Amino acid sequence: MPVPTLANPRDRVPDDAAPDPDDTPDPTPMAPGRNLLALPIVRTALRSRWYPGIAQVPVAAVFGLVAYELLLGPDAAHDNPGTALMWVLWWPLIPIVFVFLGRFWCAVCPFGALSDLVQRAVGAKRPVPVFLKKYGIWIIDASFLAITWSDHVWGVVESPWGSGVLLLILTTLVIGSGAFFQRRTFCRYVCFLGGMAGNYARVGMLELRADSAICTTCKARAVCYNGNDKVAGCPLFSFPRTMDDSAHCNLCANCIKSCPNDAIELRVRKPASELWFIGKPQLEQSFLAMAIMGIVLIQNITMLTVWNDILGAIERTTGVTSYPVIFTVAFIVAVGLPVGLLALASRFAAARNLESLVTNFARFGYALIPLDVAGHIAHNLFHLLAEGKSVFFTIASMFGNAIPGGSMALVGNGTIHVLQFALLALGVAGSLYTARRITYRRYATAARRRRTLAPYVTIISGLGALNVYLFMLPMAMRM
């Protein structure tokens, strides 16, 4: 196996890190889990012509209600059912869905259904631009950062109108994509939620895969990818025969319905197990994981009850009174912290394992996804449990019932903290275990494993401790 180049050719490699002919990656594939399609009820449901449409209809109805309330309902977020449904209920629950069901949400998402409808009506069905194929994930990364920044500077979440405008912008992009390009180009290459869903689905407990032994004898000309006269092709441009991760599978079941050989399987697997079997890690996916971790950090910081005191101290010390300027600096620091720490750890690892900083960053960025997911869910759990009653009260207000005063919490702060710390503990343990599995699959010698793993254990532990500290501090409500 050729030896990868170092990040800096001038780096001196110690003798015990010299090439070892036995130090080769472990090629053993992931053991397949239980095939849920062996269960008649699951097989019948996914092969039904009613799936996933039967779920798309009620989801679209709720989406329409949310959009209507955001644009035409009460001006105050505290009184608006659309704000409560979108930011207090749906947004906290969606990462949990990704963990348990992968990208299932993308199969029933109103944007996906709208794209399909526009494409059938007026679609030009042009090929996906090369630019999007190459840089789509970076566009997703940038849009995720831009939306978060805009929320804090212009108050998107706190303003029903702002949230409604965000939905209108996304709807316009979906319609434009469906009118010009093939399949669900927007969902695959542009949607910021799709990018997060792809990363989180790798931690998920479900995977759709094809039986390669059956596929090698298939004469159906990739009907699972191209579709047939009754079933559309894969909306996210994934070929089941070669698919080795769950980032671009929305469990729409099109391939299950069209495959003539029953080669498609829907398997249960250990959470996060996909992360240490990824053969071609991508820098942009690891960067997205670190960026989301930074976003969660800045969201936590700005929700602290001491945030206004911090702003006042900054103004007195620097004389800068512009909130957009102060927040932008804080935002860059918060997002840059996880990215910088991963780069630093990768630099230390590169000096010992004969691989470049970029290669290590891409590979071990996946190891931090479990902690990323745990921190995100723990943060959102605060909104769901500390403000959850607002969903019931604002919906009741649509029928003439007054919204009562007092706490909107479903449970006490003590219970929320216990759940948050439990999630963070699982996230830290998952990331440490994933880093260890990646290291042990990649390197055979004990010295290289130890010296590669050490810097990643350090930053995972540090980021976990930082999250624990922030969640211990009092936080303000969104609603």
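Residues numbered from 1 in each chain as written. Predicted model: local features only at pLDDT ≥ 70, side-chain atom pairs only at ≥ 80, totals over all residues. Heavy atoms only, no water.

Looking now at the overall build of the chain. Along the backbone of the chain there are 20 helices and 2 strands. At 24 Å, the chain has a C-alpha radius of gyration in line with the 23 Å of a compact globule built from 479 residues. Taken over the C-alpha atoms alone, the chain extends approximately 70 × 65 × 40 Å along its principal axes. A total of 479 residues make up the chain; the buried ones form 49% of that total. Sequence separation of at least 24 residues holds for 83% of the intrachain contacts in the chain that already meet a minimum separation of 6. (Helix = DSSP H or I, 4+ residues; strand = E, 2+ residues; numbered from the N terminus. Rg over C-alpha atoms; globule rule 2.2 N^0.38 Å. Buried < 20%, exposed > 50% of the residue type's maximum accessible area, 1.4 Å probe, protein only. Contact = heavy atoms within 4.5 Å.)

Moving on, we get to unusual backbone geometry. Cis peptide bonds are those with omega within 30 degrees of zero, and the linkage from tyrosine 51 to proline 52 qualifies with 0 degrees. Among the structural elements, proline 52 can be located in the loop between helix 1 (40-47) and helix 2 (53-72). The residue arginine 183 is not glycine, and still its phi comes out positive at about 45 degrees. Within the secondary structure layout, arginine 183 lies in the loop between helix 7 (160-180) and helix 8 (185-189). The exposure class assigned to arginine 183 is buried, which follows from its relative accessible area of 18%. Positioned with a positive phi, leucine 251 is a non-glycine residue whose angle comes to about 55 degrees. Turning to its location among the elements, leucine 251 is positioned in the loop between helix 11 (223-226) and helix 12 (254-258). Residue leucine 251 is classed as buried on the basis of its relative accessible area of 12%.

Turning our attention to the nonpolar core. Trp91, Phe98, Trp105, Leu193, Met196, Met290 and Leu368 are the most contacted members of the largest nonpolar core, which totals 91 residues. Here leucine 368 is in contact with Met290, Met293, Leu342, Ser431, Ile459, Ile460 and Leu463, once residues within four sequence places are set aside. With 19 residues, the next largest nonpolar core counts Leu36, Leu37, Leu206 and Cys224 among its residues. (Core = buried A, V, L, I, M, F, W, Y, C linked by side-chain atoms within 4.5 Å.)

Looking now at the pattern of salt bridges. The tally for this structure, following the rule as stated, stands at 12 salt bridges. For arginine 184, the salt bridge identified is with aspartate 116, shortest N-O distance 2.6 Å. Of this pair, arginine 184 sits in the loop between helix 7 and helix 8 while aspartate 116 sits in helix 5 (residues 110-122), placing them 68 residues apart in sequence. Taking the relative accessible area as the measure of exposure, arginine 184 reaches 6% and is therefore buried. Residue glutamate 355 is joined to arginine 363 by a salt bridge in which the shortest nitrogen-to-oxygen separation is 2.9 Å. No difference in accessibility class separates glutamate 355 from arginine 363, as the two residues are buried. One connected set of salt bridges, linked through shared partners, spans Arg202, Glu207, Arg209, Asp245, Glu265, Arg267, Arg269 and Glu274. (Salt bridge = Lys/Arg side-chain N within 4 Å of Asp/Glu carboxyl O.)

Let's shift gears to helix 5. Here helix 5 contains 13 residues, and its C-alpha end-to-end distance of 18 Å stays within 8% of the 18 Å for a straight helix at 1.5 Å per residue. Residues of helix 5 that are buried sit in contact with helix 2, helix 4 (104-108), helix 7 and helix 8. (Expected span 1.5 Å × (residues − 1).)

For strand 2 (residues 264-268), a buried count of 4 out of 5 residues is recorded, marking the element as mostly surrounded by other parts of the structure. Pairing of strand 1 (residues 206-210) with strand 2 involves 5 bridges; the strand directions are antiparallel. When the bridges of strand 2 are listed, leucine 208 appears paired with leucine 266. (Pairing = 2+ DSSP bridges.)

Before going further, it helps to examine the state of the cysteines. If you walk through the whole model with that rule in mind, you get 0 disulfides. Distance from the sulfur of cysteine 109, which forms no disulfide, to the nearest cysteine sulfur (cysteine 187) is 6.3 Å. Here cysteine 252 is not cross-linked by a disulfide; its sulfur's nearest cysteine counterpart is in cysteine 234, at 5.9 Å. Classification of cysteine 252 as buried rests on a relative accessible area of 11%. (Disulfide = S-S within 2.5 Å.)

So, on to the packing of aromatic side chains. Pairs of aromatic rings are described using the distance from one ring centre to the other and the angle between the two planes. Tallying each qualifying case throughout the model produces 17 aromatic pairs. Seen in terms of ring centroids, phenylalanine 180 and phenylalanine 181 are 6.3 Å apart; in terms of plane orientation they differ by 50 degrees. Their pairing is tilted. The ring of tyrosine 225 carries arginine 183 above its face, with NZ or CZ at 4.4 Å from the centroid. Its end group placed over the ring of tyrosine 440, arginine 436 keeps NZ or CZ at 4.4 Å from the ring centre. (Phe/Tyr/Trp six-rings, centres within 6.5 Å; stacked < 30°, edge-to-face > 60°. Lys NZ or Arg CZ within 6 Å of the ring centre and 35° of its normal.)

Below, the discussion takes up the confidence of the model for the chain. Taken as a whole, the chain shows an average pLDDT of 88; of its residues, 94% reach a score of 70 or greater. For the stretch residues 1-19, pLDDT sits under 50, and the model shows 34 contacts to residues farther than four places along the chain or on other chains. (pLDDT = per-residue confidence, 0-100.)

Structurally, threonine 394 is set in helix 18 (residues 389-397). Threonine 394 sits in the buried class, given a relative accessible area of 1%. A polar side-chain atom of threonine 394 sits 2.6 Å from the main-chain carbonyl oxygen of serine 390. (Polar contact = N/O pair within 3.5 Å; in protein donor to acceptor, adjacent residues only side chain to side chain.)

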